[in-house]
Amino acid sequence: MTRLTSDDIEDVWDGARLDTRLEAATRRTVRELAMEAAGLPGGMDLSSFSVVSVPITSGLGEIGGFAQSLDAIARHLGMRSHVSNVPDVSGFAAAVESGADIVLMADDDRFVAYNTVTGTVADNARCTALGYSYALRDAAGGLAGKEVLVMGAGFVGSEAVRILRDMHAMVSVTDIDAEKARRLAVYEGVGWIEDVREAVSTHRLILNATPGTIPGQDMIQGAIVSSPGVPYSFDDEAGRRAKAIIHDPLEIGAAVMLTVAVSDTVRMTGRVNIPALAPIHAQEAAGHRGVEV
Ligand code: 2YJ
């Protein structure tokens, strides 16, 4: 999994900018996309759900602006949110003690939304695949019966294969590790294309879950590419040929993690639209919950 950099996420706080780009391709905002992907009603008020983003220093350490970007995404969805002022286990413990509903945190291998109410984890790989599959569906005007190429047989690509197949798309998978893609294809009962360039040149609808560059000269005119892969991997020719390239470094995946966490609470507790409480601060609200029905 590619590690994000501060440069990748420097303007994530500007949620309106991504909304504009996503709306151009799909006619939907990030919030609308994330709500539907999680099975929540689009108009649901999320202001009673509180989120704490906890910086994690293990491995290669904190990424400047990462926790702040997650905080901005939660606020953009209409949730109450703050960044923990202490990192790691202490920050996690304080967040849970403060009554936070959802704790966001990432190390170098996993990025999770922990739901303190249900004890469930919404994982970034699955939620990214979910969000980008819905974005591709919207940009393509539906996927049922249409050929879709998944590039990459890693965590995100494998989830996307399953999600897109369940949307009744005719899915094929390719990967520079051809054997890895072949095994996934056999296991999931989808198509396999050994040669990545051939796969790209024969598909109009692509979900790109790889960090590699896709040469524009291989792309079909009018292609629609939903591309969670970091870093951004398209050249100028790809930009000219594609009808739409949907990409962001963090927002869609993180927004879907948050709405999936909310949907876990709704499903397991029946909690719905409760007016926002006063903001919870870690120090003053230890042990206080009281927002469930
Ligand atoms: O808390 C921090 O600032 C850091 N520990 C964040 C680490 C972020 N993790 C990564 O970049 C992962 N390798 C992948 C994130 C997946 C985003 N699609």
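Above: the structure in question.
Keep in mind that this is a model prediction, so the values were computed, not measured.

The rules behind the values
Residues numbered from 1 in each chain as written. Predicted model: local features only at pLDDT ≥ 70, side-chain atom pairs only at ≥ 80, totals over all residues. Heavy atoms only, no water. 1 Å grid on protein atoms, 1.4 Å probe; cavity = no way out; pocket = protein on both sides within 12 Å on 5 of 7 lines; lining within 4 Å. Points joined across faces, edges and corners; volume = space filled by probe spheres on them. Helix = DSSP H or I, 4+ residues; strand = E, 2+ residues; numbered from the N terminus. Nonpolar A, V, L, I, M, F, W, Y, C, P; charged D, E, K, R; others polar. Near = heavy atom within 4 Å. Polar contact = N/O pair within 3.5 Å; in protein donor to acceptor, adjacent residues only side chain to side chain. Areas by Shrake-Rupley, 256 points an atom, 1.4 Å probe, with all protein chains shown as cover. Pairing = 2+ DSSP bridges. Buried < 20%, exposed > 50% of the residue type's maximum accessible area, 1.4 Å probe, protein only. Right-handed = clockwise from strand over helix to strand, strands pointing away. Arc of directions from axis to C-beta. Contact = heavy atoms within 4.5 Å. Phe/Tyr/Trp six-rings, centres within 6.5 Å; stacked < 30°, edge-to-face > 60°. Axes fitted to C-alpha atoms, helices over the stretch in contact; angles between N-to-C directions.

I'm lost on the layout of surface pockets in this one. Help?
Vacant regions in the atomic arrangement are exposed by a probe of water-molecule size rolled over the atoms. Taken as a whole, the second largest pocket holds about 200 Å³ of empty space. Lining the second largest pocket are 15 residues, with Arg-21, Ala-25, Ala-244, Ile-245 and Ile-246 sitting closest to its centre. Counting only elements with at least two residues in the lining of the second largest pocket, the list comes to α1 (15-26) and β11 (244-246). Broken down by element, the lining of the second largest pocket gets its largest block of residues, 5 residues, from α1. Taken together, the residues of the lining of the second largest pocket sort by class into 11 nonpolar, 1 polar and 3 charged.

For this particular structure, what's the right way to read the site of the ligand?
Residues in contact with the ligand amount to 14 residues; listed here are only the nearest, Ile-56, Ile-63, Ala-106, Asp-107 and Asp-108. Taking Asp-107, its main chain carries an N or O atom lying 3.0 Å from a nitrogen atom of the ligand. Within the complex, 95% of the 490 Å² of free accessible area of the ligand lies under protein.

What is the right way to look at the sheet that holds strand β6 (residues 147-151) in this model?
Here 6 strands make up an open sheet; going across it, the order is β8-β7-β6-β9-β10-β11 and the pairing parallel. Two strands close off the open sheet at either side, each with one partner strand: β8 (191-192) and β11.

Just to check I follow, could you spell out the pairing of strand β7 (residues 170-174) for this structure?
Across a regular strand the side chains alternate sides, sitting on one face of the sheet and then on the other. Within β7, 4 of the 5 residues are buried, which leaves the element mostly enclosed by the surrounding structure. As judged from the 5 bridges shared by β6 and β7, these two strands associate in the parallel manner. Bridge pairing in β7 links Leu-149 to Ser-172. When β7 meets β8, the two strands line up parallel, connected through 2 bridges. Across the sheet, residue Val-173 finds its bridge partner in β8, namely Trp-192. Chirality of the crossover, the property in question, places the unit of β7, helix α7 (residues 178-188) and β8 among those that are right-handed.

Looking at this model, I keep getting lost on α7. Mind explaining?
Note that an α-helix has 3.6 residues per turn; residues three or four places apart therefore point the same way. Listed in full, the buried residues belonging to α7 are Ala-178, Ala-181, Leu-184, Ala-185 and Glu-188. Seen end-on, α7 carries its buried residues on one side only, within an arc spanning 130°. Exposed positions of α7 whose direction lies more than 90 degrees from the buried face are Val-186 and Tyr-187. Of the surrounding secondary structure, the elements contacted by the buried residues of α7 are α6 (155-166), β7 and β8. With its phi angle positive at about 70°, Gly-189 sits one or two positions after the end of α7.

Where do I start with the packing of aromatic side chains in this structure?
Each aromatic ring pair is characterised by the separation of its centres together with the angle its planes make. One pass over the structure, following the stated rule, counts 3 aromatic pairs. On the basis of an interplanar angle of 55° and a centroid distance of 5.6 Å, the ring pair of Phe-92 and Tyr-114 is categorised as tilted. On the criterion of sequence distance, the pair formed by Phe-92 in helix α4 (residues 88-97) and Tyr-114 in strand β4 (residues 111-115) is long-range, its members being 22 residues apart.

Could you clarify how one ought to interpret the sheet that holds strand β1 (residues 50-53) in this entry?
Strand pairing in a sheet relies on backbone hydrogen bonds. The paired strands run either parallel or antiparallel. Pairing is mixed in the open sheet, where 5 strands are placed in the order β2-β1-β3-β4-β5. Two strands bound the open sheet, and with one partner strand each, they are β2 (80-83) and β5 (121-123). Geometrically, the sheet is characterised by an average inter-axis angle of 20° between neighbouring strands, direction not taken into account. Bridge count between β1 and strand β3 (residues 102-106): 3 bridges; the pairing is parallel. Note on β3: the bridge partner recorded for Val-51 is Ile-102. Those strands touched by α4 are β1, β3 and β4, and its axis lies near 165° from that of β3. In this fold helix α10 (residues 251-269) packs onto β1, β3, β4 and β5, with an angle of close to 25° to the strand it touches most, β4.

What should I look at first to understand the environment of Val-161 in this one?
Its place among the elements puts Val-161 in helix α6. Using a relative accessible area of 0% as the deciding quantity, one classes Val-161 as buried. Sequence-wise, Val-161 and Met-151 are 10 residues apart; in three dimensions their C-alpha atoms are separated by 9.5 Å. Leaving out residues up to four positions away in the same chain, Val-161 has contacts with Val-150, Val-171, Val-173, Leu-184, Glu-188 and Val-190.

None of the figures reported here should be taken as evidence of function without further support.
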